[in-house]
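Structural features, examined
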Amino acid sequence: MKAIVYRQHGGPDVLSLEERPIPTPGPGEVRVRIHLSGVNPTDWKARTVSTLGRTADDQGQVPHQDGAGTIDAVGAGVPTDRIGERVWIWEAAWQRANGTAQEYVVLPQAQAVALPDHASFELGASLGIPALTAHRCLTVADDGPRRLAPGALAGRTVLVAGGAGAVGNAAIQLSRWAGATVVTTVSSPHKATLARAAGAHHVVNYRTDDAASAIRELAPGGVDLIVEVAPAVNAALNHQVAAPHATIAFFADTGGDTLNLPVHPFLFANLRWQGVLVYTLPEAAKANAVAAVTAAVADGALHVGDDAGLPLHRFPLEKAGDAQAAVQHNIVGKVLVEVATG
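Residues numbered from 1 in each chain as written. Predicted model: local features only at pLDDT ≥ 70, side-chain atom pairs only at ≥ 80, totals over all residues. Heavy atoms only, no water.

What follows concerns the packing of aromatic side chains. For the structure on display, the rule yields two aromatic pairs. With a centroid separation of 4.8 Å and an interplanar angle of 25°, the aromatic rings of Trp 94 and Tyr 279 are classed as stacked. Pair noted here: Trp 94 is in the loop between β5 (86-89) and β6 (104-108) and Tyr 279 is in the loop between β13 (272-275) and α9 (283-298), with a separation of 185 residues, a long-range link. A single burial state applies to Trp 94 and to Tyr 279, both of which are buried. The lysine or arginine in question, Arg 86, covers the ring of Phe 121, its NZ or CZ lying 4.5 Å from the ring centre. (Phe/Tyr/Trp six-rings, centres within 6.5 Å; stacked < 30°, edge-to-face > 60°. Helix = DSSP H or I, 4+ residues; strand = E, 2+ residues; numbered from the N terminus. Buried < 20%, exposed > 50% of the residue type's maximum accessible area, 1.4 Å probe, protein only. Lys NZ or Arg CZ within 6 Å of the ring centre and 35° of its normal.)

Okay, structure coming up:
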């Protein structure tokens, strides 16, 4: 089978296309024939330096956490009726040598989740890290739900920073599914169009608008929950628009890795800042996220493509380096690597 592999850290040039034996699933495992591999920022970051997951070695690392495909073999203890099942995959390469940038991957059966017939492989490969991250951000408040469902966020206002990004897009769609009012910030008219397509009720262009005033006008009592991609940049804004007892959940360090907090506004409003890294979530939180995302897909609440505010960019397997570079250079939308050839 064809696989993308790297054995040392560095730029896209360390990735090579290799032929490998087709793996055999062990007890509790399934083998998935990959159709599409989803690319996330942590994929190129893990390739660049060993801060996430395994260290590249002689065995080689096949990258990419997310993907979608069809189960074609199962190991002992796995029901044989799973063979032929369409699935979406999460965390394939987390602390493992084999991600989804290859024609077949073997992994624990829980990490290959059934994908309904009405859901495309494009959607399946776009779930994983972005959707699970968004779910965690939306469920960390002390008085909030631990698992999203229709109505779980009814009566709450959610602010999504960067609504045109993959996590932002998932956060908007999941918030709408759960009944929240969604406000999002963007940096351009094009991104505003994408955020509206995702389902945001209100869109604020922070480059042309007074963002704090605009958000306060939309939510006079403040926003209850903030999904934040740039905490260092947006700390002051978040404190200006947060309702008392609000939670600010941040999942990236866009714009800076040092967070300076104004103590008195933070203290008197009883605000909570919560870091979110999906790989190291408590198992219960991860299980809730997988279950909720699965339910949202079944309900038809999650979509991808231009009409859903998440343009798709496809690359062939041999161009996986270009795919990772596109993500590294902040292409707007979701990058997918086409793996299946027939």
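On we go.
Considering all chains together, one arrives at three cavities of 30 Å³ or more under this definition. Approximately 80 Å³ is the volume attributed to the second largest cavity. Lining the second largest cavity are 13 residues, with Ser 126, Leu 127, Asn 169, Ala 170 and Val 304 sitting closest to its centre. Put simply, the parts of the chain that give the lining of the second largest cavity at least two residues each are α2 (121-126), α3 (128-137) and α4 (166-177). Take the lining of the second largest cavity: its biggest share by element is four residues, from α4. Its residues placed into classes, the lining of the second largest cavity shows nine nonpolar, four polar and no charged. (1 Å grid on protein atoms, 1.4 Å probe; cavity = no way out; pocket = protein on both sides within 12 Å on 5 of 7 lines; lining within 4 Å. Points joined across faces, edges and corners; volume = space filled by probe spheres on them. Nonpolar A, V, L, I, M, F, W, Y, C, P; charged D, E, K, R; others polar.)

Our focus in this paragraph is unusual backbone geometry. Residues other than glycine predominantly adopt negative phi, and peptide bonds predominantly adopt the trans conformation. At His 64, a position not held by glycine, the phi torsion is positive, near 90°. At Gln 95, a residue that is not glycine, the phi angle is positive and equals roughly 55°. Considering the arrangement of structural elements, one finds Gln 95 in the loop between β5 and β6.

Our focus in this paragraph is the pattern of salt bridges. Taken as a whole and judged by the stated rule, the model has nine salt bridges. Note that Glu 18 and Arg 7 form a salt bridge whose closest N and O atoms lie 2.4 Å from each other. One end of the pair, Glu 18, is in strand β2 (residues 16-19); the other, Arg 7, is in the loop between β1 (2-5) and β2, and eleven residues separate them in sequence. Residue Arg 7 is classed as partly exposed on the basis of its relative accessible area of 37%. For Glu 91, the salt bridge is made with Lys 286, and the minimal N-O distance between the two is 3.0 Å. (Salt bridge = Lys/Arg side-chain N within 4 Å of Asp/Glu carboxyl O.)

Turning our eyes to something else, we now look at the pairing of strand β9 (residues 181-186). When you tally the buried positions in β9, you get five out of six residues, the bulk of the element. As defined by bridge partners, strand β8 (residues 157-161) adjoins β9 across five bridges and the pair is classed as parallel. Bridge pairing links Val 158 to Val 182 in β9. Pairing of β9 with strand β10 (residues 202-205), which is carried by four bridges, proceeds in the parallel orientation. The residue of β10 that forms the bridge with Thr 184 is Val 203. For the segment spanning β9, helix α5 (residues 189-198) and β10, crossover handedness is right-handed. (Pairing = 2+ DSSP bridges. Right-handed = clockwise from strand over helix to strand, strands pointing away.)

Among the secondary structure elements, Ala 114 is positioned in strand β7 (residues 112-114). On the basis of relative accessibility, which here comes to 39%, the residue Ala 114 falls in the partly exposed class. Taking the C-alpha atoms as reference points, Ala 114 and Pro 265, separated by 151 residues in sequence, lie 45 Å from one another. Not counting residues up to four positions away in its chain, the partners in contact with Ala 114 are Arg 82, Glu 85, Arg 86, Val 87 and Trp 88. (Contact = heavy atoms within 4.5 Å.)

Every α-helix carries 3.6 residues per turn, so stepping three or four residues along brings you back to the same face. By the burial criterion, the buried members of helix α7 (residues 231-241) are Pro 231, Asn 234, Ala 235, Leu 237, Asn 238, His 239 and Val 241. Residues of α7 that are buried make contact with β8, α6 (211-218), β11 (223-228), β12 (242-250), α8 (263-268) and β13.

Contact pair α3 / α4: the axes reach a minimum separation of 8 Å and the direction vectors enclose 55°. Our classification of the angle between α3 and α4 gives oblique. Our pair here, α3 against α4, has a crossing hand that is right-handed. Here Pro 130, Ala 131, Thr 133, Ala 134 and His 135 of α3 lie close against α4, whose contacting residues are Ala 166, Val 167, Ala 170, Ala 171 and Leu 174. (Axes fitted to C-alpha atoms, helices over the stretch in contact; angles between N-to-C directions. Parallel < 35°, antiparallel > 145°, perpendicular 65-115°, else oblique. Left-handed = near helix turned anticlockwise from the far one by under 90°.)

This brings us to α5. For α5, the full list of buried residues reads Ala 192, Leu 194, Ala 195 and Ala 198. On an axial view of α5, the arc spanned by its buried residues comes to 160°, and they lie on one face. Buried positions along α5 lie against α4, β9 and β10. One or two positions beyond α5, positive phi appears at Gly 199, with a value near 120°. (Arc of directions from axis to C-beta.)

This brings us to the environment of Arg 86. Assignment of secondary structure puts Arg 86 in strand β5. Classification of Arg 86 as buried rests on a relative accessible area of 19%. C-alpha separation for the pair Arg 86 and Ala 295, spaced 209 residues apart in sequence, amounts to 16 Å. The residues contacting Arg 86, other than those within four sequence positions of it, are Gly 69, Thr 70, Val 113, Ala 114, Leu 115, Pro 116, Asp 117, Ala 119, Ser 120 and Phe 121.

With that out of the way, let us pick up the pairing of β6. Of all five residues in β6, four are buried, a share of seventy percent or more. Where strand β3 (residues 29-39) lies against β6, five bridges are found, and the strand directions are antiparallel. Paired with Glu 29 across the bridge in β6 is Pro 108.

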